[in-house]
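Secondary and tertiary structure notes
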Amino acid sequence: MTQGYTENQKVLDFVNASAELAQPDKIVWIDGSDAQIDALREEACSTGEMIRLNQEKLPGCYYHRTAENDVARVEARTFICCRDEKDAGPTNYWMDPKEAYPMLREIARGKMKGRTMYVIPYSMGVVGSPFSRIGIEVTDSIYVVLNMCIMTRVGFNCLEALGKDGDFVKGFHAKCDIDPEKRYIMHFPEDDTIISVNSGYGGNVLLGKKCFALRIASYLGRKEGWMAEHMLILGVTYPDGTKKYVAAAFPSACGKTNLAMLIPPKHYRDLGYKVETVGDDIAWIRVGEDGRLWAVNPENGFFGVAPGTNDHSNPNALAATRKGTIFTNVAIDPSDNTVWWEGLTKQPPEHLIDWLGHDWTPASGVKAAHPNSRFTAPAVNCPCISPEFNSKTGVPLDAIIFGGRRATTTPLVYQSRDWNHGVFVGSIMSSETTAAATGAVGVLRHDPMAMKPFCGYHMGDYFAHWIEMGKKVKNPPKIFNVNWFRQGENGEFLWPGFGDNMRVLDWILKRCDDKIEAQETAIGYVPYAKDIDIEGLDYSVETLEKILYVDKERWSKEADEIAEFYKQFGDKLPQELKDNLATLKANCEK
Ligand code: OXD
Ligand code: MN
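Let us look at the structure shown here.

A few words on the layout of surface pockets. Here the largest pocket defines a volume of roughly 980 Å³. Considering the residues around the largest pocket, the lining is formed by 47 residues, among which A253, C254, G255, N258 and R405 are closest to the centre. When its residues are assigned to classes, the lining of the largest pocket shows 20 nonpolar, 16 polar and 11 charged. Looking at the lining of the largest pocket, you find at least three residues from each of domain 1 (9-30 + 74-224) and domain 2 (229-297 + 389-547). Its volume calculated, the second largest pocket comes out at about 370 Å³. Surrounding the second largest pocket, 18 residues form its lining, F14, A17, S18, K170 and T193 being those nearest its centre. Within the residue set of the lining of the second largest pocket, elements represented by two or more residues are α1 (9-22), α4 (97-108), β9 (169-174) and β11 (193-197). If one sorts the elements of the lining of the second largest pocket by residue count, α1 sits on top with 6 residues. In the lining of the second largest pocket, the residues fall into 9 nonpolar, 2 polar and 7 charged.

See the structure below:
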């Protein structure tokens, strides 16, 4: 059944074993061709799995609804299955592979009967780049196939790149019965294997994304001396043509896509500043021969949060979704068979079909689109995609930025004193939870480097890996922390965000060039208010000073809280982080 496409016995064995277990009626290999994609769209529309949208207004765009109980990543059912529990660490759920494999086999046995199993050969990264890795995902979902064809580089050239003997990441996905009680997203980093059952939601089933490019890749990166991070990558072009690149880690649904596609304020544009997007979610980072850190985006599309995306917040993302895009769990406007979500327009349409398929009017009192509804858009659609997007070597990083959603305490921006302090700053990130994962929204939790849900091994070892990487880079990027989400007494946001974040990026890049002084504070270097450009903005220096203020009392409490958080890492917590915590505490007492 599986002959003819590859001579790689490991691929054939994996496909055969998957088929033996799940017993599909048919196996179809995905070559990623337009003809095959069109036929699959057709089939999905004929069964109701997808809906064809208005092809004049939204050419090549389709719509999909997940099951009501299956709308986000499920962290409590996401496991790292390494042999020794200690290697998964305290921030991951763990299951012994000896228990996990048989349990999963039982769940998946015969579950593709009457269905087709699709075999997707895909590359994370440009095929043939030394950064890139090949994966094979088998799945019984056309929705998954079509999403993977947008989000990754799918095709038989991936099989060619593997050759007769190449290794790859094995991904098995079966929808089964979408039973939340038997939903498991399982990672076997020691076996390069991912198994996902009983879900159809993107983050759980597009196995190239979170499962491979973050959880498995972070494990590989530690073993092989590189890094897989939950980071966007953007390039800033200066009026004189100079380019600088920044990678930035924010927790899910905290504005990575918006920052990656930022349009600078008018006076920056008039001067000739430009921002271009290399990636919006994941960065694979290596030490270059020049002693700098180089980053690629291993993905090929954007799996972005739809609500809140509009002409003001992110015109580039919106433009990217106007063709060849799959929309999931947004609302449909039946008047013209297009899509709508909260925040797309100020005035909602009079009548919609909501994400559950029900009639909806503005008086319904519920959201028309699910808060974690998504668009899957090809990266090439993005008007500001960087010319370096397909670069095999990636882009050199001038700055790394960490950022969370914090109503108080964390200033608009600050700079770490050195690499190790920067690692400390990343490790103490906390942020309010969002709808990207199931569970309560708005709860403050620690999310080191925005990797809490995505680190494929012990977080203490992950911190140590960051420290080690710092030793290998002669010219490390400078490390910063930002917080766009400071609130006033009445819960109002104190910083305009979106395109105006350029003003903060500008300060950051000036600091990278040592072009500007900063105030030394208890937590690191903070801008003088006069150095944040607020030209053209109706904004007071007093407010700016307020959100740049470092409140030592609050930070002293924060330090105590970090000490509590750190306890779980025990002996694995690097001394460098302990030292930085002691310095923070001492600085706050001064
Ligand atoms: C995502 C997430 O989908 O972080 O990128 O949940
Ligand atoms: Mn993400």
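Take empty space enclosed by the protein next. In this approach the atoms are scanned with a rolling probe the size of a water molecule, which exposes any empty space left behind. Per the counting criterion, the structure on display carries 2 cavities of 30 Å³ or more. Lining of the largest cavity is provided by G404, R406, T410, Y414, V425, I428, M429, S430, N481, W555 and E558. Taken together, the residues that form the lining of the largest cavity break down as 5 nonpolar, 4 polar and 2 charged. Its volume calculated, the second largest cavity comes out at about 70 Å³. V126, V296, N297, F389 and S391 are the residues nearest the centre of the second largest cavity, which is lined by 13 residues in total. Within the lining of the second largest cavity, the residues separate by chemical class into 5 nonpolar, 6 polar and 2 charged. Counting only domains with at least three residues in the lining of the second largest cavity, you end up with domain 1 (9-30 + 74-224) and domain 2 (229-297 + 389-547).

Now for the coordination of the manganese ion (ligand 2). Around the manganese ion (ligand 2), the protein contributes the donor atoms K210 (NZ), H230 (NE2) and D281 (OD), which lie 2.1 to 2.2 Å from the metal centre. A relative accessible area of 6% places K210 in the buried class. The exposure class of D281 is buried, given its relative accessible area of 9%.

Cut-offs used in this document
Residues numbered from 1 in each chain as written. Chains lettered and ligands numbered in written order. Predicted model: local features only at pLDDT ≥ 70, side-chain atom pairs only at ≥ 80, totals over all residues. Heavy atoms only, no water. 1 Å grid on protein atoms, 1.4 Å probe; cavity = no way out; pocket = protein on both sides within 12 Å on 5 of 7 lines; lining within 4 Å. Points joined across faces, edges and corners; volume = space filled by probe spheres on them. Nonpolar A, V, L, I, M, F, W, Y, C, P; charged D, E, K, R; others polar. Domains from an automatic or database assignment. Helix = DSSP H or I, 4+ residues; strand = E, 2+ residues; numbered from the N terminus. Donors = N, O, S within 2.8 Å, 3.2 Å for Na, K, Ca; no water. Buried < 20%, exposed > 50% of the residue type's maximum accessible area, 1.4 Å probe, protein only.

So, to be careful, I would describe these as geometric facts and stop short of saying anything about function.
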